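# An overview of the molecular structure
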Amino acid sequence: MKKYLEKIPGYDQLVLPYHFTQSVIASLKYSFPAKKLRVIAVTGTNGKTTTCFMIWHMLNQAGIKTGLMTTVAWGTKKLHDELGHMTTVDAFTLNNRISQIKDDGAEVLVLEATSHALSQFRTFGVPIDIAVFTNLTHEHLDYHKTITNYRNAKGKLFRRAKLSILNADDKATTYYKTIAKKYITYGIKNGENRAKSIKLGVSGVNYSYGDINIETNIPGEFNVYNSLAAALVGREMGLSNEQIEDGIKTLEAVEGRMNIIDEGQPFTVIVDYAHAPDAIEKVFDSVKGHKGRIISVHGGAGRRDPSTRPIRGAILAKYSDLVIITEDDSRDEDPEKIAADFIKGAEKQGKVLGKDLLKELDRRKAIKLAFDKAKPGDLVLILGKGHEKTILRADGPHDFEDIKVARDLLRKI
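Report follows, based on the coordinates. The shown structure was predicted, so the numbers you read here are calculated from the model rather than taken from an experiment. (Residues numbered from 1 in each chain as written. Predicted model: local features only at pLDDT ≥ 70, side-chain atom pairs only at ≥ 80, totals over all residues. Heavy atoms only, no water.)

### Remarks on helix α8 (residues 147-160)
- Between its first and last C-alpha atoms α8 spans 21 Å; for 14 residues at 1.5 Å apiece the expected length is 20 Å, and the two agree.
- Roughly 30 degrees is the biggest bend found in α8, and it falls at Lys154.
- Those residues of α8 not exposed but buried are Tyr150, Ala153, Lys154, Gly155, Leu157 and Phe158. (Helix = DSSP H or I, 4+ residues; strand = E, 2+ residues; numbered from the N terminus. Expected span 1.5 Å × (residues − 1). Bend = angle between axes of the 7 residues up to and from the residue. Buried < 20%, exposed > 50% of the residue type's maximum accessible area, 1.4 Å probe, protein only.)

### As for the sheet that holds strand β11 (residues 204-209)
- With respect to topology, three strands assemble into an open sheet ordered β10-β11-β12, the strand pairing being antiparallel. Two strands close off the open sheet at either side, each with one partner strand: β10 (196-201) and β12 (212-215). Neighbour to neighbour, the strand axes of the sheet diverge by 10 degrees on average, direction disregarded.
- Of the strand pairs in this sheet, β11 and β12 are connected by four bridges, and their pairing is antiparallel. Among the inter-strand pairings, Ser208 is bridged to a residue of β12, identified as Asn213.
- Running over the sheet, helix α10 (residues 222-236) touches β10, β11 and β12 and is turned about 45 degrees from β11. (Pairing = 2+ DSSP bridges. Axes fitted to C-alpha atoms, helices over the stretch in contact; angles between N-to-C directions. Contact = heavy atoms within 4.5 Å.)

### Re the packing of aromatic side chains
- Applying the stated criterion across every chain, the model contains seven aromatic pairs.
- Where Phe158 meets Tyr176, the ring centres are 4.7 Å apart and the plane angle is 50 degrees; that geometry is what we call tilted. Taken together, the residues span a long stretch of sequence, with Phe158 in helix α8 and Tyr176 in helix α9 (residues 172-179) at a distance of 18 residues.
- Judged by its relative accessible area of 0%, Phe158 falls in the buried class.
- Judged by its relative accessible area of 0%, Tyr176 is buried.
- Cluster of aromatic residues (ring-pair linked, three or more members): Phe133, Phe158, Tyr175 and Tyr176.
- Taking NZ or CZ as reference, Lys35 lies 4.6 Å from the ring centre of Phe32, over its face.
- Looking at Arg151, its charged tip hangs above the ring of Tyr175, at a distance of 3.8 Å from the centre. (Phe/Tyr/Trp six-rings, centres within 6.5 Å; stacked < 30°, edge-to-face > 60°. Lys NZ or Arg CZ within 6 Å of the ring centre and 35° of its normal.)

### Concerning the side chain of Arg122
- The topology assignment puts Arg122 in the loop between α6 (115-119) and β6 (130-133).
- The buried charged residue Arg122 lacks any salt bridge partner; its closest oppositely charged side chain belongs to Asp90, at an N-O distance of 7.7 Å.
- At 2.8 Å, the side chain of Arg122 forms a polar contact with the side chain of Gln120. (Lys, Arg positive; Asp, Glu negative; His and termini not counted. Salt bridge = Lys/Arg side-chain N within 4 Å of Asp/Glu carboxyl O. Polar contact = N/O pair within 3.5 Å; in protein donor to acceptor, adjacent residues only side chain to side chain.)

### Let's talk about unusual backbone geometry
- One non-glycine residue with positive phi stands out, namely Phe32, at about 50 degrees.
- We classify Phe32 as partly exposed; its relative accessible area is 21%.
- Its identity as a non-glycine residue notwithstanding, Arg303 has a phi of 60 degrees, on the positive side.
- When you line up the elements, Arg303 lands in the loop between β15 (294-298) and α13 (308-319).

### A few points about the packing of α13 against helix α14 (residues 335-348)
- Where α13 meets α14, the closest approach of the two axes is 6 Å, and the angle between their N-to-C directions is 50 degrees. Relative to α14, the element α13 is oriented oblique. Helix-helix and strand crossings are classified by hand; for α13 and α14 the assignment is right-handed. Where α13 abuts α14, its residues Arg309, Pro310, Arg312, Gly313, Ala314 and Ala317 lie against Ile338, Asp341, Phe342, Gly345 and Ala346. (Parallel < 35°, antiparallel > 145°, perpendicular 65-115°, else oblique. Left-handed = near helix turned anticlockwise from the far one by under 90°.)

### Some remarks on the packing of helix α4 (residues 48-61) against helix α11 (residues 241-249)
- α11 packs onto α4 with a crossing angle of 125 degrees between their chain directions and a minimal axis gap of 8 Å. When the axes of α4 and α11 are compared, the pair comes out oblique. Remark: the crossing between α4 and α11 carries right-handed chirality. For the pair α4 and α11, contact is made by His57, Met58 and Gln61 and by Gln243, Ile244, Gly247 and Ile248, respectively.
- Taken together, the residues of the contact of α4 with α11 sort by class into three nonpolar, four polar and no charged. (Nonpolar A, V, L, I, M, F, W, Y, C, P; charged D, E, K, R; others polar.)

In structure tokens, the structure reads:
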């Protein structure tokens with residue numbers, strides 16, 4: 001029924017009073033549980049989940065019992081998988097989980113906040129102590145219509161927060177500075193808090209910030225930004241330099257974020273959640289030192305911003321020696337049509353269908369095809385779903401995990 005209602009012109013605006021009412025009722029039902037916690041909220045197009053995990057791990061390592069609610073998982077010390085394909089859950093689920101986290105003895109909550117959630121009042125009744133901004137790039141314009149609307153939706157978080165921690169290398173920060181109550185900035189090129197002496201490696205990044213030396217186990221320049229934002233949160237929470245360093249360094253990985261899958265195969269396999277154009281480009285940037293061929297496997301979700309599909313196809317084609325277009329959460333949209341949009345973008349970049357551009361709409365078969373094509377020294381990138389445990393097709397959800405499928409296939413090689 002909802003998929004038909006969503007086609008009504010202006011549907012998203014028409015239902016805002018309903019969302020607001022639901023959020024008020026949910027907050028009252030659970031007695032505004034977030035008011036008994038210090039809430040650190042992270043928003044941005046990319047990097048939210050990793051930044052949240054870094055903050056959560058760092059604070060718990062320092063002895064501050066901290067809860068977590070992200071795209072990947074939620075809980076306190078023991079995390080529960082987030083099985084729904086939603087980052088900030090509905091208001092009733094949100095308040096219920098916050099209540100559980102509070103009852104588990106948490107003092108702090110690290111919350112991943114999306115533009116949809118902020119627009120739909122899902123975080124009503126959640127006071128924000130610290131808000132973190134990672135970056136803003138092209139995404140969710142199927143909902144927000146313009147990049148300005150998208151930027152402004154995220155801005156609601158900074159209007160509410162006691163302190164905002166803003167990425168000075170992102171142009172949206174210019175606007176967020178004008179609406180934030182109080183802010184500090186960070187970055188590589190700009191900002192009052194800058195990363196220096198950066199070293200990028202295949203297994204992590206290394207840099208200094210003032211008299212703090214940061215080391216991560218997750219590669220990519222984007223994790224300089226993510227970890228620096230986390231370090232600033234640590235500083236604001238009163239942690240020592242050593243607690244900040246140890247907290248970030250001892251986070252081994254975040255599920256579905258630049259995960260290296262090693263089953264003894266003669267080529268490298270990385271699984272990542274990247275599905276927005278900027279996120280995909282950053283994945284390729286993080287592996288630009290790779291000497292062998294790059295084979296990428298990717299597809300697009302149905303009922304999501306279709307304008308990004310040819311853009312993503314072009315990015316895949318530009319940086320990959322072989323591109324395999326496959327399915328993602330097609331939902332009730334025709335997978336063939338979704339794939340055609342990607343193929344169009346890849347062909348404009350010079351790829352030839354049937355040669356260095358392949359289509360295999362069964363995602364498991366597409367991953368196997370990539371492994372079959374891979375030679376010693378090659379790199380296979382499986383992008384788009386990361387940590388997700390199901391794939392959504394027209395007939396509903398089906399069990400599917402990129403990491404699990406990749407491991408299973410690699411063990412058979």
